[in-house]
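Listed here are the chains, written in short residue letters.
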Amino acid sequence: MPLMRIVHYPEPVLLAVGKPVAEEDLGPKMQAVVDDMFETMREAEGVGLAAPQVGISKRFFVMDVPEEGRPNPLVLINPEILRVEGEQLGDEGCLSFPGLYQTVKRDMRVIVKAQDVSGAERELDLTGLAARCVLHETDHCDGIVFLDRMTPLKRELAKRKIKRLQKTGKWE
Ligand code: NI
């Protein structure tokens, strides 16, 4: 299966609000796209990848945050955050920001409703890194990047680092 091109900040698709996934987009065609996204994400050693990051302006993403050492691949289509709880502070990265890691405050627990590839709806209750990932990827679906979630000081530092990386050609 072909790897997809991961778009880098500030490409416009990353900053656009994704369209909801329609019923007719679901099924085998969606499965094929999701399979390619999983492969692209794993090749890039990421734990989450949202559709806008591969140039698709729609509301869905894939993620795989291991649980007790085992893979836990999840597909969330038309995600909707129902409830959040608590707080966590930790370093975050993003495949659309190669080489950039920065501290971001997130909710510790998230209850999210989403459809799977067949259109079935379910609720997931996740904590820690998995919750962080769901929040980060749902943001991508809404055209929000993790830069927007940093404190103003950290955002300035991050922007300066991005400029440096762009000059060295490591960021295109
Ligand atoms: Ni990201």
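Conventions adopted
- Residues numbered from 1 in each chain as written.
- Predicted model: local features only at pLDDT ≥ 70, side-chain atom pairs only at ≥ 80, totals over all residues.
- Heavy atoms only, no water.
- 1 Å grid on protein atoms, 1.4 Å probe; cavity = no way out; pocket = protein on both sides within 12 Å on 5 of 7 lines; lining within 4 Å.
- Points joined across faces, edges and corners; volume = space filled by probe spheres on them.
- Helix = DSSP H or I, 4+ residues; strand = E, 2+ residues; numbered from the N terminus.
- Nonpolar A, V, L, I, M, F, W, Y, C, P; charged D, E, K, R; others polar.
- Donors = N, O, S within 2.8 Å, 3.2 Å for Na, K, Ca; no water.
- Buried < 20%, exposed > 50% of the residue type's maximum accessible area, 1.4 Å probe, protein only.
- Polar contact = N/O pair within 3.5 Å; in protein donor to acceptor, adjacent residues only side chain to side chain.
- Contact = heavy atoms within 4.5 Å.
- Phe/Tyr/Trp six-rings, centres within 6.5 Å; stacked < 30°, edge-to-face > 60°.

(A) Spatial organisation of the layout of surface pockets. Computed from the structure, the largest pocket encloses a volume of approximately 380 Å³. Along its surface, the largest pocket is lined by 21 residues, and Gly46, Val47, Glu92, Gly93 and Cys94 are the ones closest to its centre. If you tally residues by element for the lining of the largest pocket, the top one is helix H3 (residues 128-141), at five residues. Per-class residue counts for the lining of the largest pocket are ten nonpolar, six polar and five charged.

(B) The coordination of the nickel ion, seen in detail. With distances of 2.1 to 2.2 Å, the protein atoms coordinating the nickel ion are Cys94 (SG), His136 (NE2) and His140 (NE2). Donor residues for the nickel ion sit on one chain with the sequence pattern C-x41-H-x3-H. Of this pair, His136 and His140 are both found in helix H3, four residues apart, which corresponds to roughly one turn of the helix. For His136, a relative accessible area of 6% puts it in the buried group.

(C) Main features of the side chain of Ser96. Along the chain, Ser96 turns up in the loop between strand S4 (88-92) and strand S5 (102-106). Judged by its relative accessible area of 0%, Ser96 falls in the buried class. From its side chain, Ser96 meets the backbone oxygen of Val7 in a polar contact 2.8 Å long. One polar contact links Ser96 to Gln53, side chain to side chain, over a distance of 3.0 Å. Setting aside residues up to four positions removed in sequence, Ser96 forms contacts with Ile6, Val7, His8, Tyr9, Leu14, Gln53 and Trp171.

(D) How the structure looks around the packing of aromatic side chains. By the definition in use, this model includes three aromatic pairs. Pairing Phe97 with Phe146 gives two aromatic rings, centres 5.0 Å apart and planes at 75°, and the pair type is edge-to-face. With a gap of 49 residues between them, Phe97 in the loop between S4 and S5 and Phe146 in the loop between H3 and helix H4 (152-167) connect regions that are remote in the sequence. Judged on exposure class, the residue Phe97 and its partner Phe146 are both buried. Judged by centre distance (5.8 Å) and plane angle (85°), the ring pair of Phe97 and Trp171 falls under edge-to-face. Of this pair, Phe97 sits in the loop between S4 and S5 while Trp171 sits in the segment after H4, placing them 74 residues apart in sequence. Here Phe97 and Trp171 have matching classes, each one buried. Within the aromatic cluster, the residues linked to one another by ring pairs are Tyr9, Phe97, Phe146 and Trp171.

Purely spatial values, then, with no claim about function.
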